Amino acid sequence: MKDSILTSVILPLSLFVIMLGMGLSLVTDDFARVFRRPKAFLIGTLNQILLLPILGFGIALGLGLEPAFAVGLILIAACPGGVTSNLITHVARGDTALSISLTAVNSFITVFSIPLIVSLALATFMSGGSIQLPIIETVAKIFGITILPVSIGMLLRARAPGFAQVMEGPVRTASTALFVLIVVGIIAANIDLLRTHLPRMLGVLMLLNVSTMLLGFSMSRLGGLNLREAISITIESGIQNGTLAIVIATSLLHRGDLALPGACYGL
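None of the values given here were measured: they were computed from a predicted structure.

So what exactly am I meant to see when it comes to the overall build of the protein here?
In terms of regular secondary structure, the protein is built from twelve helices and zero strands. Traced from its N-terminal end to its C-terminal end, the protein shows the element sequence α-α-α-α-α-α-α-α-α-α-α-α. Computed over the C-alpha atoms, the radius of gyration of the protein is 18 Å, within 12% of the 18 Å expected from 2.2 N^0.38 for a compact globule of 267 residues. Within the protein, counting contacts between residues at least 6 apart in sequence, those at least 24 apart form 85% of the total. Side-chain charges in the protein split into 15 positive and 11 negative, and the spacing between the mean points of these groups amounts to 6 Å.

Is there a simple way to explain the confidence of the model for the protein in this structure?
Regions with low pLDDT should not have their predicted coordinates read in detail. Taken residue by residue, the protein gives an average pLDDT of 82. The fraction at 70 or more is 91%. Taking the mean pLDDT of every element in the protein, the minimum, 72, falls on helix α2 (residues 29–36) and the maximum, 93, on helix α3 (residues 38–63).

I tried to follow the packing of aromatic side chains on my own but got confused; where do I start?
For any pair of aromatic rings, the description rests on two quantities: the centre-to-centre distance and the angle between the ring planes. Under the defined criterion, the tally for this structure stands at one aromatic pair. Centroid distance Phe-57 to Phe-125: 6.2 Å. Interplanar angle 25°. Geometry classified as stacked. Within this pair, whereas Phe-57 is found in helix α3, its partner Phe-125 is found in helix α6 (residues 96–125), the two being separated by 68 residues in sequence.

What is the right way to read helix α12 (residues 256–266) from this model?
Since the α-helix advances by 3.6 residues per turn, residues separated by three or four positions end up pointing in the same direction. Counting buried positions along α12 gives nine out of eleven residues, so the element sits mostly inside the fold. Those residues of α12 lying buried are Gly-256, Leu-258, Ala-259, Leu-260, Pro-261, Gly-262, Ala-263, Cys-264 and Tyr-265.

I would appreciate a short explanation of the nonpolar core in the present structure.
For soluble globular proteins, the rule of thumb is that nonpolar side chains tend to be buried together. With 55 residues, the main nonpolar core has Leu-73, Ile-114 and Ile-248 as its most contacted residues. With residues near it in sequence (within four places) discarded, Ile-114 still touches Leu-75, Ala-78, Cys-79, Pro-80, Ile-142, Leu-244 and Ile-248. If you look at the next biggest cluster of nonpolar residues, it comprises eight residues, including Ala-40, Phe-41, Leu-98 and Leu-225.

Sorry, what's going on with unusual backbone geometry here?
Most peptide bonds adopt trans geometry, and most residues besides glycine take a negative phi value. Positive phi outside glycine occurs at Arg-93, with the angle close to 65°. Note that Arg-93 resides in the loop between α5 (83–91) and α6. On the basis of relative accessible area, Arg-93 is assigned to the exposed category, the value being 71%.

When you look at a nonpolar patch on the surface in this model, what are you seeing that I'm missing?
Nonpolar side chains collect at one region of the surface, where Phe-143, Leu-148, Ile-152, Leu-156 and Phe-163 lie side by side and expose about 410 Å² of accessible area between them. If you trace the backbone, Phe-143 turns up in helix α7 (residues 135–159). Judged by relative accessible area, which is 43%, Phe-143 ranks as partly exposed.

Just to check I follow, could you spell out the packing of α6 against α7 for this structure?
The geometry of a pair of packed helices is captured by two quantities: the angle between their axes and the separation between those axes. Their axes nearest at 9 Å, the elements α6 and α7 cross at an angle of 150°. Both α6 and α7 take part in a crossing whose hand is right-handed. Seen from α6, the contacting residues are Ser-107, Phe-108, Val-111, Phe-112, Ile-114, Pro-115 and Ser-119; seen from α7, they are Ile-135, Thr-138, Val-139, Ile-142, Phe-143, Thr-146 and Ile-147.

Is there a simple way to explain the environment of Ile-74 in this structure?
You can see Ile-74 is positioned in helix α4 (residues 67–78). The buried category is assigned to Ile-74, whose relative accessible area is 0%. Residues Ile-74 and Arg-37, 37 residues apart in the sequence, show an inter-C-alpha distance of 29 Å. Those residues within four positions of Ile-74 in sequence are excluded, and the remaining contacts are Gly-56, Phe-57, Ala-60, Ile-117, Ala-121 and Phe-125.

I'm lost on the packing of α4 against α12 in this one. Help?
Close contact between α4 and α12 brings their axes to 7 Å; oriented N to C, the two are set at 50°. It follows from the interaxial angle that α4 and α12 lie oblique. The hand of the α4/α12 crossing is right-handed. Between α4 and α12, the residues in contact are Ala-68, Phe-69, Val-71, Gly-72, Leu-73 and Ile-76 and Asp-257, Leu-258, Pro-261, Gly-262 and Tyr-265, respectively. Grouping the amino acids of the contact of α4 with α12 by side-chain chemistry returns eight nonpolar, two polar and one charged.

Got a minute to help me understand the layout of surface pockets in this structure?
The rolling of a water-molecule-sized probe over the atoms marks out the regions of remaining empty space. Volume-wise, the second largest pocket comes out at about 180 Å³. Together, Met-22, Ser-25, Leu-26, Val-83, Asn-86, Leu-87, His-90, Thr-96, Ile-100, Glu-168 and Arg-172 line the second largest pocket. Sort the elements by how many residues they give to the lining of the second largest pocket and α5 lands first, with four residues. Tallied by class, residues from the lining of the second largest pocket come to five nonpolar, four polar and two charged.

Would you explain the side chain of Thr-45 in this entry?
Following the sequence through the fold, Thr-45 ends up in helix α3. Of the residues examined, Thr-45 reaches a relative accessible area of 12% and is grouped as buried. Side-chain polar atoms of Thr-45 contact the side chain of Asn-106, separated by 3.3 Å. Discounting residues that sit within four places of it in the chain, Thr-45 has contacts with Leu-50, Leu-102, Asn-106 and Ile-109.

Conventions we followed
- Residues numbered from 1 in each chain as written.
- Predicted model: local features only at pLDDT ≥ 70, side-chain atom pairs only at ≥ 80, totals over all residues.
- Heavy atoms only, no water.
- Helix = DSSP H or I, 4+ residues; strand = E, 2+ residues; numbered from the N terminus.
- Rg over C-alpha atoms; globule rule 2.2 N^0.38 Å.
- Contact = heavy atoms within 4.5 Å.
- Lys, Arg positive; Asp, Glu negative; His and termini not counted.
- Charge placed at Lys NZ, Arg CZ, Asp CG, Glu CD.
- pLDDT = per-residue confidence, 0-100.
- Phe/Tyr/Trp six-rings, centres within 6.5 Å; stacked < 30°, edge-to-face > 60°.
- Buried < 20%, exposed > 50% of the residue type's maximum accessible area, 1.4 Å probe, protein only.
- Core = buried A, V, L, I, M, F, W, Y, C linked by side-chain atoms within 4.5 Å.
- Patch = residues over 30% accessible without salt bridge, like charges linked within 9 Å, V, L, I, M, F, W, Y side chains within 5 Å.
- Areas by Shrake-Rupley, 256 points an atom, 1.4 Å probe, with all protein chains shown as cover.
- Salt bridge = Lys/Arg side-chain N within 4 Å of Asp/Glu carboxyl O.
- Axes fitted to C-alpha atoms, helices over the stretch in contact; angles between N-to-C directions.
- Left-handed = near helix turned anticlockwise from the far one by under 90°.
- Parallel < 35°, antiparallel > 145°, perpendicular 65-115°, else oblique.
- Nonpolar A, V, L, I, M, F, W, Y, C, P; charged D, E, K, R; others polar.
- 1 Å grid on protein atoms, 1.4 Å probe; cavity = no way out; pocket = protein on both sides within 12 Å on 5 of 7 lines; lining within 4 Å.
- Points joined across faces, edges and corners; volume = space filled by probe spheres on them.
- Polar contact = N/O pair within 3.5 Å; in protein donor to acceptor, adjacent residues only side chain to side chain.

Below, the structure is given as structure tokens:
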């Protein structure tokens, strides 16, 4: 997919709005919980930051995926959990506070881990050098569309809690609408590729999703966590920030085919 208003403006703006909404729901105590309950957090972070990308590489290599699909798959695995994971954790009666803490803190960590993981994926599957990830620009852009809006949202929550509470719902609705628009646009721009690869792509993405959730649950139970904590880590491991994967693929790597796994994953 070529650069357009969708990929250069609407897409990053959508993620900014989504992360702003997350910030409006966060307080500093969400981060303090990490130190009060380090075991659950460390297991969840180990899954998201290290084991999920390893699993993504394993699936891509084991199934012999074509280069663009492999890199797109690993890009998803390298992303942190999103706001959706917090909502589903709440509905599933998991530990919502743990889910929020993992999403918030890991969003900071992945600013630096994503460029390294994606660069390794590019070197592994696209060794011809035709596509490279600009590390400094990537770190700066991920920071600008994730950490900055979260910080602004938290500041608004702290300084104007009434306003933040009123705006949290509309911001969430707006971010959902923008995300739907993005997915539709990416699919429309790459319809021929989707017709060719969609059946196999959906199967592999489902394999990634189920495998990461099984991994999260197994690690949680082996670590002696209770069921509510295990549910949270299972969902955090299985639901990644697909919007961020699409942003990196289109805005930084300028490759629409690398965004297709993220778009299908979002659906």
